[in-house]
Amino acid sequence: FPHCLCTSAVLFSCIGGDKTSVLQSLDALMNSLYAGRVNELRLEHNHLRSLPPRAFGSLQIERLVLSHNQLEDLPFDIFVGLKGSLRELIIEVR
């Protein structure tokens, strides 16, 4: 995954990329043998202004970090599929 590091099914980190590389990496993650439960997904410092609806597909993410992006608008159904798994959402700004 470009600009991304998957250390295990427990932690997937994508830092310092752009929207295209993040979305490609998420798609690859959803179609990999790591698909399913991800304890922590970190998408920090990626200059993200938005994410598409259902961006996280069928991933079961417990902790999602979207800090230090430029998020302006999130679709109402962005977190569809995370109900029951998402326990912590972190969005910090500078």
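K.L.:
Mind laying out the pattern of salt bridges, listing which residues take part and the relevant values?
P.N.:
Throughout the structure, instances matching the rule amount to seven salt bridges. The residue R63 makes a salt bridge to E88 at a minimum N-O spacing of 3.1 Å. On the criterion of sequence distance, the pair formed by R63 in strand β4 (residues 60-65) and E88 in strand β5 (residues 88-90) is long-range, its members being 25 residues apart. Overall, the relative accessible area of 25% leaves R63 in the partly exposed class.

K.L.:
How would you sum up unusual backbone geometry? Please name residues and give values.
P.N.:
Residues other than glycine seldom take positive phi values, yet H47 does so here, at roughly 60°. Within the secondary structure, H47 sits in the loop between β3 (37-42) and β4. The phi angle at H68 is positive, at roughly 60°, despite the residue not being glycine. Counting through the fold element by element, H68 comes out in the loop between β4 and β5.

K.L.:
Give me the packing of aromatic side chains: which residues, what numbers.
P.N.:
The full count for this structure, using the stated rule, is one aromatic pair. Pairing F56 with F79 gives two aromatic rings, centres 6.3 Å apart and planes at 5°, and the pair type is stacked. Of this pair, F56 sits in the loop between β3 and β4 while F79 is found in the loop between β4 and β5, placing the two residues 23 residues apart along the sequence. A relative accessible area of 26% means that F79 is categorised as partly exposed.

Cut-offs applied
- Residues numbered from 1 in each chain as written.
- Predicted model: local features only at pLDDT ≥ 70, side-chain atom pairs only at ≥ 80, totals over all residues.
- Heavy atoms only, no water.
- Salt bridge = Lys/Arg side-chain N within 4 Å of Asp/Glu carboxyl O.
- Helix = DSSP H or I, 4+ residues; strand = E, 2+ residues; numbered from the N terminus.
- Buried < 20%, exposed > 50% of the residue type's maximum accessible area, 1.4 Å probe, protein only.
- Phe/Tyr/Trp six-rings, centres within 6.5 Å; stacked < 30°, edge-to-face > 60°.

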